[in-house]
Amino acid sequence: AKGWMGKIDAQEEKAGQVLNNARLAEKGGVLEVRTGPATTYWNPANMATGNYSVKATFTESNYMGLNDHPHPYGIVIGGNAMGTADQSFIYCSAYGSGTFIVRGMGPAPFAVSARKPEPNAAINKAAGKGSSVKQDIAMTVTADKVECSVNGTVVGSYPKADVVAAGKLKSTDGVYGIRFAHNTDAVVSGLTVVKN
């Protein structure tokens, strides 16, 4: 995908994985992602500042096709110093099992939502292994909150002061992108930012 960059998680690097073990392609504005290692992707031109929402549709057409349990994917915002040892960002990811998680890197991983994936009725559940499941995922920044929405429902709302702090986000202003756990295969369409 022209102009896009990626970085695999530090623990994946320690295990000997490399970025080339994951793949990002773009066809007609649709991003195709297939990961080996857990990977964060971004295009440095994609910046969001102030109050905004970043949204996209994620379609996993072969649910758990590369693994034996659900793996998440979602939206990244607030990216600063991306690709460096000092990078920071926050992400909201959904699982095809009907759960979500919100975490960040600052540069060490930090939890925003509960440590384990949380269920929410708004999140679509795949009918079973090999079936298709689709999620519309968005992250919204307001004057005092960061929210994660899945399929039009806010599933998590967090005070901005809790996520922009030492060892967490440098700012909610920054690059936006996408994040995929290891061994996941899905397409991303309609990745856009809207000013609120």
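None of these values were measured; they are calculated from a predicted model.

Student: Go over the sheet that holds strand S12 (residues 145-150), please, and point to the residues and values.
Tutor: Judged by pairing direction, the sheet is antiparallel, and its 7 strands sit side by side in the order S2-S3-S15-S5-S11-S12-S13 without closing on themselves. Every interior strand has two partners, whereas the edge strands, strand S2 (23-27) and strand S13 (153-159), have only one. Averaged over all neighbouring strand pairs, the angle between strand axes comes to 20°, with direction disregarded. Here strand S3 (residues 30-34) pairs with strand S15 (residues 185-195) via 4 bridges, running antiparallel. By the bridge assignment for S15, Glu32 is matched with Val187.

Student: Lay out the nonpolar core with the relevant residues and their values.
Tutor: Generally speaking, soluble globular proteins have nonpolar side chains that are buried together. Of all hydrophobic cores here, the largest spans 42 residues; its most connected members are Phe58, Ile75, Ile77, Ile90, Ile178 and Leu191. Leaving out residues up to four positions away in the same chain, Ile178 has contacts with Trp4, Leu24, Leu31, Val33, Thr39, Thr40, Tyr41, Phe58, Gly74, Val76, Val188 and Leu191. Membership of the second largest hydrophobic core comes to 7 residues, among which are Trp42, Phe89, Met105 and Val175.

Student: Lay out the state of the cysteines in plain terms, naming residues and giving numbers.
Tutor: Applying the stated criterion to the full structure yields 1 disulfide. One disulfide bridge connects Cys92 with Cys148, the sulfur atoms lying 1.8 Å from each other. Highlighted residues: Cys92 in strand S7 (residues 88-95) and Cys148 in strand S12, separated in sequence by 56 residues. Under the relative-accessibility criterion, Cys92 is labelled buried at 0%. Given a relative accessible area of 0%, Cys148 falls into the buried group.

Student: I'd love a proper account of the pattern of salt bridges, names of residues and values included.
Tutor: Counted under the stated rule, the structure contains 5 salt bridges. Across the pair Lys170 and Asp86 runs a salt bridge, and its minimum N-O distance is 3.8 Å. Of this pair, Lys170 sits in the loop between helix H2 (160-163) and strand S14 (174-180) while Asp86 sits in the loop between strand S6 (73-80) and S7, and the two are 84 residues apart along the sequence. Classification of Lys170 as partly exposed rests on a relative accessible area of 40%. Here Asp86 falls in the partly exposed class, since its relative accessible area comes to 43%.

Student: So what's going on with the environment of Val102? Which residues, and what values?
Tutor: Here Val102 is to be found in strand S8 (residues 99-105). Residue Val102 is classed as buried on the basis of its relative accessible area, which comes to 0%. Counting along the chain gives 35 residues from Val102 to Ile137, while the straight-line C-alpha distance between them is 12 Å. Once residues lying within four places of it in the same chain are set aside, the contact partners of Val102 are Ile90, Tyr91, Cys92, Ala111, Val112, Ser113, Cys148 and Tyr158.

Student: How would you explain the packing of aromatic side chains if you had to name every residue and give the values?
Tutor: Summed over the entire model, instances satisfying the criterion amount to 4 aromatic pairs. With 5.8 Å between their ring centres and 20° between their planes, Phe58 and Tyr73 make a pair best called stacked. Here the residue Phe58 occupies a position in strand S5 (residues 52-60), and Tyr73 occupies one in strand S6, the gap between them amounting to 15 residues. Here the aromatic cluster, defined as three or more aromatic residues joined through ring pairs, consists of Phe58, Tyr73 and Phe180. When the ring centre of Tyr91 is taken as reference, the NZ or CZ atom of Arg179 above it lies at 4.5 Å.

About the cut-offs
Residues numbered from 1 in each chain as written. Predicted model: local features only at pLDDT ≥ 70, side-chain atom pairs only at ≥ 80, totals over all residues. Heavy atoms only, no water. Pairing = 2+ DSSP bridges. Helix = DSSP H or I, 4+ residues; strand = E, 2+ residues; numbered from the N terminus. Axes fitted to C-alpha atoms, helices over the stretch in contact; angles between N-to-C directions. Core = buried A, V, L, I, M, F, W, Y, C linked by side-chain atoms within 4.5 Å. Buried < 20%, exposed > 50% of the residue type's maximum accessible area, 1.4 Å probe, protein only. Contact = heavy atoms within 4.5 Å. Disulfide = S-S within 2.5 Å. Salt bridge = Lys/Arg side-chain N within 4 Å of Asp/Glu carboxyl O. Phe/Tyr/Trp six-rings, centres within 6.5 Å; stacked < 30°, edge-to-face > 60°. Lys NZ or Arg CZ within 6 Å of the ring centre and 35° of its normal.

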